[in-house]
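# Geometric and topological summary
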Amino acid sequence: MYKIAVLPGDGIGPEVMKQAIKVLDKISEKHNISLQYKFSDVGGIAIDKYDTPLPEHTLKICENSDAILFGSVGGPKWENLPPDKQPERGALLPLRKHFNLFANIRPVKVFKPLKDSCSLKDHLIEDGIDIVIFRELTSGIYFGQPKYISEDNTFAIDTMKYSVSEIERIAHLAFETARIRNKRVTSVDKANVLMSSILWRETVTKLHKEEYPDIELSHMYVDNAAMQLVRNPNQFDVILTGNMFGDILSDEAAMLSGSLGMLASASINESGFGLYEPIGGTAPDIAGQNIANPIAQILSAAYMLRYSLKHDEAATKIEKAIEEVLSKGYRTKDIYTGKKGEILVNTEEMGDLIVENL
């Protein structure tokens, strides 16, 4: 029996989460996996009910679970609250820190049926795109101290700080993953300007030399990496980078897949416990309309099966079912182009189709 904390959150979160649960129910039935869901509020809805984005009872449910399946939080209604009360800062960041979810894994894959939805020219993606980004998630400029705005509001300070141990543990995961892929790692930094990036590059280089000489390691400045992702994405296999750079690059890479509604993520700690979420946000402009793309949330559930619950075969079957549905021409509004053979479906219908193809 696996206990799963399910936190749908705000906006389209509850709608797409419903589809992910449908898919999990079907795949768990086929693979004899016993899942027990514990639903709880987080983000804006929790602020409205409990005056906090991360209620104590929600945190307790997460602590007593084997993994967290997360929807999305935030929206215009809560964006003017004090920083620590805002849904993103008051819920998602504390969860990452509380559970030491230091490794954010973002696979970026262009499903063959969606090649036309990719923003790049055909010749750049004719062989497909399959990249995995490893982003350090609990340190760097988002968590470094001191961090403040001056009393007279004339300047502000954020501190970008990394230790050798923080760099090593995320680098280990990237190198280990490269060993079962194509044995290539690109480490992204800004070592020509930042002292923390100098330490990052030195640490990654030393670890590579001592423990992973069989892996091809290259280094790239973040500005160049941003350009190369849209110039020639197939040069990348495993990308290793820090918190802020990873935040930016992974969102840029998301558009290679055709839509933010197609990209999921896994955030895990050293014991394998993880938080699994789509990266497209709450999309308040389409919430409640049954038109949101649930695939990223469903893929997040697949990653949960793979990384935390160790059911890789079940995860792979979900991914194949998604590709099968897309190959038959079914599209939600965000990936619908109107071309011959495409069939526009809503959120519920997309979830049902994926279940049918399992």
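Before reading on, note that the structure itself is shown above.
Description of the structure in this document.

Definitions and limits used
- Residues numbered from 1 in each chain as written.
- Predicted model: local features only at pLDDT ≥ 70, side-chain atom pairs only at ≥ 80, totals over all residues.
- Heavy atoms only, no water.
- Salt bridge = Lys/Arg side-chain N within 4 Å of Asp/Glu carboxyl O.
- Helix = DSSP H or I, 4+ residues; strand = E, 2+ residues; numbered from the N terminus.
- Buried < 20%, exposed > 50% of the residue type's maximum accessible area, 1.4 Å probe, protein only.
- Phe/Tyr/Trp six-rings, centres within 6.5 Å; stacked < 30°, edge-to-face > 60°.
- Lys NZ or Arg CZ within 6 Å of the ring centre and 35° of its normal.
- Axes fitted to C-alpha atoms, helices over the stretch in contact; angles between N-to-C directions.
- Parallel < 35°, antiparallel > 145°, perpendicular 65-115°, else oblique.
- Left-handed = near helix turned anticlockwise from the far one by under 90°.
- Contact = heavy atoms within 4.5 Å.
- Nonpolar A, V, L, I, M, F, W, Y, C, P; charged D, E, K, R; others polar.

In a structure, side chains of opposite charge can pair up when their charged atoms sit close to one another. Per the counting criterion, the structure on display carries 24 salt bridges. With a shortest N-O distance of 2.7 Å, Glu348 and Lys18 are connected by a salt bridge. Taken together, the positions of Glu348 in helix α12 (residues 347–356) and Lys18 in helix α1 (residues 13–31) put the pair 330 residues apart, joining distant regions of the chain. In this structure Glu348 comes out as partly exposed when scored by relative accessible area, which is 24%. With a closest N to O distance of 3.9 Å, Asp247 and Arg135 form a salt bridge. Of this pair, Asp247 sits in helix α9 (residues 243–254) while Arg135 sits in strand β5 (residues 130–136), and the two are 112 residues apart along the sequence. Members of the salt-bridge network, linked through shared partners, are Lys18, Lys22, Glu348 and Asp352.

Attention shifts here to the packing of aromatic side chains. This structure, assessed with the given rule, holds six aromatic pairs. Both rings, one in Tyr148 and one in Phe155, keep their centres 6.3 Å apart while their planes meet at 70°; by these two values the pair is edge-to-face. Using a relative accessible area of 39% as the deciding quantity, one classes Tyr148 as partly exposed. On the numbers, 5.3 Å between centres and 70° between planes, the contact of Tyr162 with Trp200 is edge-to-face. Highlighted residues: Tyr162 in the loop between β7 (156–159) and α6 (164–179) and Trp200 in helix α7 (residues 195–211), separated in sequence by 38 residues. Lys97 extends its terminal NZ or CZ atom over the ring of Phe143, reaching a point 4.8 Å from the ring centre. Stacked on the ring of Tyr221, the Lys or Arg Lys190 has its end atom at 5.7 Å from the ring centre.

Before going further, it helps to examine the packing of α1 against α12. Between α1 and α12, whose axes approach to 9 Å, the crossing angle comes to 15°. Taken together, the axes of α1 and α12 lie roughly parallel to each other. Seen along the crossing, α1 lies across α12 with a hand that is right-handed. Together, Glu15, Val16, Lys18, Gln19, Lys22, Val23 and Lys26 of α1 and Thr347, Glu348, Gly351, Asp352, Ile354 and Val355 of α12 make up the contact between the two elements. Looking at the contact of α1 with α12 residue by residue, the classes come out as four nonpolar, three polar and six charged.

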